[in-house]
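Each chain, letter by letter, is given below.
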Amino acid sequence: MAILKIAKMGHPVLRQVAEPIDDPTLPEVLQLAGDMMETLEDIGGAGLAAPQVHAPRRLVMFHVPAGRGDDVLVPLTILANPVIEPLGDETAWDWEGCLSVPGLRGLVRRPARIRYSGYGLDGQKIEREADGFHARVVQHECDHLDGVLYPQRMDDLTKLIFESEFRFHLQETM
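Residues numbered from 1 in each chain as written. Predicted model: local features only at pLDDT ≥ 70, side-chain atom pairs only at ≥ 80, totals over all residues. Heavy atoms only, no water.

Participant: Any chance you could break down the overall build of the protein chain for me, citing the residues and the numbers?
Facilitator: Counting its regular elements, the protein chain contains 3 helices and 8 strands. In terms of principal-axis extent, the alpha carbons of the protein chain reach across some 50 × 35 × 30 Å. Expressed as a percentage of the 174 residues in the protein chain, the buried residues total 43%. Once local pairs closer than 6 in sequence are excluded, the contacts in the protein chain between residues at least 24 apart make up 65%. Split by element, the accessible area of the protein chain, about 9300 Å² in all, is 53% carbon and sulfur. Across the protein chain, the mean location of the 17 positive side-chain charges is 4 Å away from that of the 27 negative side-chain charges. (Helix = DSSP H or I, 4+ residues; strand = E, 2+ residues; numbered from the N terminus. Buried < 20%, exposed > 50% of the residue type's maximum accessible area, 1.4 Å probe, protein only. Contact = heavy atoms within 4.5 Å. Areas by Shrake-Rupley, 256 points an atom, 1.4 Å probe, with all protein chains shown as cover. Lys, Arg positive; Asp, Glu negative; His and termini not counted. Charge placed at Lys NZ, Arg CZ, Asp CG, Glu CD.)

Participant: Just give me the short version of helix α1 (residues 27–43), but keep the residues and values in it.
Facilitator: If you check α1, its first and last C-alpha atoms are 24 Å apart, about what 17 residues at 1.5 Å a residue would give, namely 24 Å. Along α1, the residues that are buried comprise Val29, Leu32, Ala33, Gly34, Asp35, Met36, Thr39 and Leu40. On the buried face of α1, the contacting elements are β1 (47–49), β2 (59–64) and β3 (74–86). (Expected span 1.5 Å × (residues − 1).)

Participant: Please set out the pairing of strand β4 (residues 91–98) residue by residue, giving values where relevant.
Facilitator: Sheet analysis places β4 next to strand β5 (residues 101–111), joined by 7 bridges and oriented antiparallel. Residue pairing in the sheet places Ala92 in a bridge with Arg110 of β5. The turn joining β4 and β5, which pair antiparallel and follow one another in sequence, is formed by 2 residues. (Pairing = 2+ DSSP bridges.)

Participant: Describe the nonpolar core, listing the residues and the values that go with them.
Facilitator: Membership of the largest hydrophobic core comes to 16 residues, with the highest contact counts inside it found for Val60, Phe62, Ile114, Tyr116 and Val138. Looking at this core, the elements that each hand over two or more residues are β2, β3, β6 (113–119) and α2 (132–145). A per-element tally of this core places α2 first, with 6 residues. Every residue in contact with Ile114, bar those within four places of it in the chain, is listed here: Ile84, Glu85, Pro86, Leu87, Arg128, Glu129, Ala130, Ala135, Val138 and Gln139. Membership of the second largest hydrophobic core comes to 15 residues, among which are Met36, Leu40, Ala55 and Ala80. (Core = buried A, V, L, I, M, F, W, Y, C linked by side-chain atoms within 4.5 Å.)

Participant: Break down the layout of surface pockets for me, with residues and values.
Facilitator: The space that makes up the largest pocket amounts to roughly 490 Å³. Around the largest pocket, the lining is made up of 25 residues, and of these Ala46, Gly97, Cys98, Arg105 and Phe133 lie nearest the centre. Elements supplying a minimum of two residues to the lining of the largest pocket: β4, β5 and α2. By residue class, the composition of the lining of the largest pocket is 11 nonpolar, 7 polar and 7 charged. In this structure, the second largest pocket occupies an estimated 260 Å³ of space. (1 Å grid on protein atoms, 1.4 Å probe; cavity = no way out; pocket = protein on both sides within 12 Å on 5 of 7 lines; lining within 4 Å. Points joined across faces, edges and corners; volume = space filled by probe spheres on them. Nonpolar A, V, L, I, M, F, W, Y, C, P; charged D, E, K, R; others polar.)

Participant: Go over the environment of Thr39 with me, naming the residues and quoting the values.
Facilitator: Relative to the assigned elements, Thr39 resides in helix α1. The spatial distance from the C-alpha of Thr39 to the C-alpha of Leu79 is 16 Å, given a sequence separation of 40 residues. When residues no more than four places from it in sequence are discounted, the contact partners of Thr39 are Ala2, Ile3, Leu4, Ile6, Leu48 and Val53.

Participant: Explain unusual backbone geometry to me, and be specific about the residues and the numbers.
Facilitator: In this structure, His54 is a non-glycine residue whose phi angle is positive, near 65 degrees. When you line up the elements, His54 lands in the loop between β1 and β2. The partly exposed category is assigned to His54, whose relative accessible area is 32%. For Asn81, which is not glycine, the phi dihedral falls at a positive 55 degrees. Checked against the element boundaries, Asn81 lands in strand β3.

Participant: So what about the packing of aromatic side chains? Which residues, and what values?
Facilitator: Think of a pair of aromatic rings as described by two things: how far the centres are apart, and how the planes are tilted against each other in angle. Scanning all chains against the criterion turns up 2 aromatic pairs. Ring centres 5.2 Å apart and planes at 80 degrees place the aromatic pair Trp95 and Phe166 in the edge-to-face group. Taken together, the residues Trp95 in strand β4 and Phe166 in helix α3 (residues 166–173) connect sequence positions 71 residues apart. (Phe/Tyr/Trp six-rings, centres within 6.5 Å; stacked < 30°, edge-to-face > 60°.)

What is shown is where atoms sit, not what they do.
Here is the structure:
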């Protein structure tokens, strides 16, 4: 296992559509997933997509840790070739950050409820419905597979702020 380097906004690997994974049980996919897990654990993030570690493959991982408000704990989930379907027209706004866009936060609107599916590393199909932070992190990570970073989803770039200045936003909204 290895801790991998994170690609930053502007790197070409983050702008391309990732290649499908033919068989998630292959040793090279398992190796990539293991390295991504170690990288995610080292960084302490909620999710990671293969393009973020310079691997243009359709592989994501995410979890919803304890203490995320009302969200239900979701253990680490690894999906090959994920597909997302919005459930209804309701959208939700929330602040997002990204390992590939370090030091910034942006206010992003996304579908509030989704159904997602993909394949686990054992080759078995995984299908779930999600809302709240769970839905947001899945959508955020899957965007990476299509060459999209969260600032591209923003409606108002005045809501793109440095994390170090976020406290001022909190003061304005209180």
